[in-house]
Amino acid sequence: MTEALRLIENKHIRSFLRVLDLGGFSRASRSLNIAQPALSQHVRRLEHQLDVTLLIRGPQGATPTEAGRRFATKARQILELADSAERQFKGGPNALFGEVSLGLPGSVCPVLATPIIVEAKRRFPNVKLIVSELMSGDLAHMLREGRMDMAILFNVADSDDFTSCELAVESLHLVGAVGDPTLSGDTVQASRLSELTFVGTRPPHGLRLLIERWSNETGITLNVDTEANSPVVLIEMAAQGFCYSILAPAAIQRDVNTGHLSTAQVVDPPIERTACLCSSKRLAPDPARNAIHEMVHEIALNQLKDGAWDATASN
């Protein structure tokens, strides 16, 4: 197979992967904007050079053989190396290049993801930025293992595994149905929460642990009647009036603006958490990662200043 790989063209590999990903030649040909006979020829040429059948053709589409699945893994690596080399050398000796992964919790993803992606493309065209929306606990685990370059976490300090830079303090809101009298004002007294029924995330989810610590410290008991690690469930249960949720304002901003939810900030005392930009210490230093880190920090502060992120900048 080593001799064969020297003859393989990247366009043949891309054609095979697109057929594999889309499950058929007709869909792949439309996606690549090439004629189906030409696409079929690409895959046949690839199979001939490798001397192996990669795809099983059928009336319902194309499915990979075992060899096809194994080759697909190698093929993606080949293309990524080729693309990375092209970005590096086309950009010149001082250009930043490479791949950087950024993890965002669902509560801040709506206000940060798009401006970060757009600005990264503008400033660093040779850097491939991968943004993932995950729960903060999963993001922290990936940082510790070096499987994520950087992420926004809550209420964390520098550790042996990652650095931590405070960005903003969020005050959580009580969330419920439109027209609910409990949410008639901009704020709601914390003492009122003991009278309500809640849907919340399941421990050890970071939001649930934060709320439980606040409850223990204040002596205000919360009745969490339903548990769900799903933002959609937390929002919809509250929106339909079955119970209340406690969420960050950034996570529900769109629903509030469209009149789908009512919300009020919890006060006296508030429920607060600090958002921190963290970078893994398990990865070797990298100029592209440092540049993206600085850019994310800058954009986060701009979103706070412009009011797009409903939080208070850390001192």
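Novice: Kindly report on helix α6 (residues 109-123), identifying the contributing residues and their values.
Specialist: With 15 residues, α6 ought to run about 21 Å at 1.5 Å a step, and its terminal C-alpha atoms sit 20 Å apart, in line with that. For α6, the full list of buried residues reads Cys109, Val111, Leu112, Ala113, Ile116, Glu119 and Ala120. Packing partners of the buried residues in α6 comprise β3 (98-104), β4 (127-133), β5 (150-154), α10 (249-257) and α11 (287-306).

Novice: Go over the packing of helix α2 (residues 10-22) against helix α3 (residues 25-32), please, and point to the residues and values.
Specialist: Where α2 meets α3, the axes come as close as 8 Å, and the angle between the chain directions of the two elements is 125°. Here α2 lies oblique to α3, going by the angle between them. As α2 packs across α3, the resulting crossing turns out to be right-handed. Facing α2, whose interface residues are Ser15, Arg18, Val19 and Leu22, α3 presents Phe25, Arg27, Ala28, Ser31 and Leu32. Looking at the contact of α2 with α3 residue by residue, the classes come out as five nonpolar, two polar and two charged.

Novice: Outline the side chain of Ser280, listing residues and values.
Specialist: You can see Ser280 is positioned in strand β13 (residues 272-280). Among the polar contacts made by the side chain of Ser280, one reaches the main-chain carbonyl oxygen of Leu143 at a distance of 2.9 Å.

Novice: Any details on the sheet that holds strand β8 (residues 187-189)? Residues and values, ideally.
Specialist: A sheet is described by the order of its strands in space; here four strands give the open sequence β8-β12-β7-β11, paired in mixed fashion. The open sheet has two edge strands, β8 and β11 (245-247), and neither has a second partner. For this sheet, the mean angle separating the axes of adjacent strands, direction not counted, is 40°. Sheet topology note: the strand β7 (residues 173-176)/β11 ladder contains three bridges and is antiparallel. Bridging from a neighbouring strand, His173 pairs with Leu247 of β11. Packing of helix α9 (residues 231-239) onto the sheet brings it into contact with β7 and β11, and relative to β11 it is tilted by some 130°.

How each quantity is defined
Residues numbered from 1 in each chain as written. Predicted model: local features only at pLDDT ≥ 70, side-chain atom pairs only at ≥ 80, totals over all residues. Heavy atoms only, no water. Helix = DSSP H or I, 4+ residues; strand = E, 2+ residues; numbered from the N terminus. Expected span 1.5 Å × (residues − 1). Buried < 20%, exposed > 50% of the residue type's maximum accessible area, 1.4 Å probe, protein only. Contact = heavy atoms within 4.5 Å. Axes fitted to C-alpha atoms, helices over the stretch in contact; angles between N-to-C directions. Parallel < 35°, antiparallel > 145°, perpendicular 65-115°, else oblique. Left-handed = near helix turned anticlockwise from the far one by under 90°. Nonpolar A, V, L, I, M, F, W, Y, C, P; charged D, E, K, R; others polar. Polar contact = N/O pair within 3.5 Å; in protein donor to acceptor, adjacent residues only side chain to side chain. Pairing = 2+ DSSP bridges.

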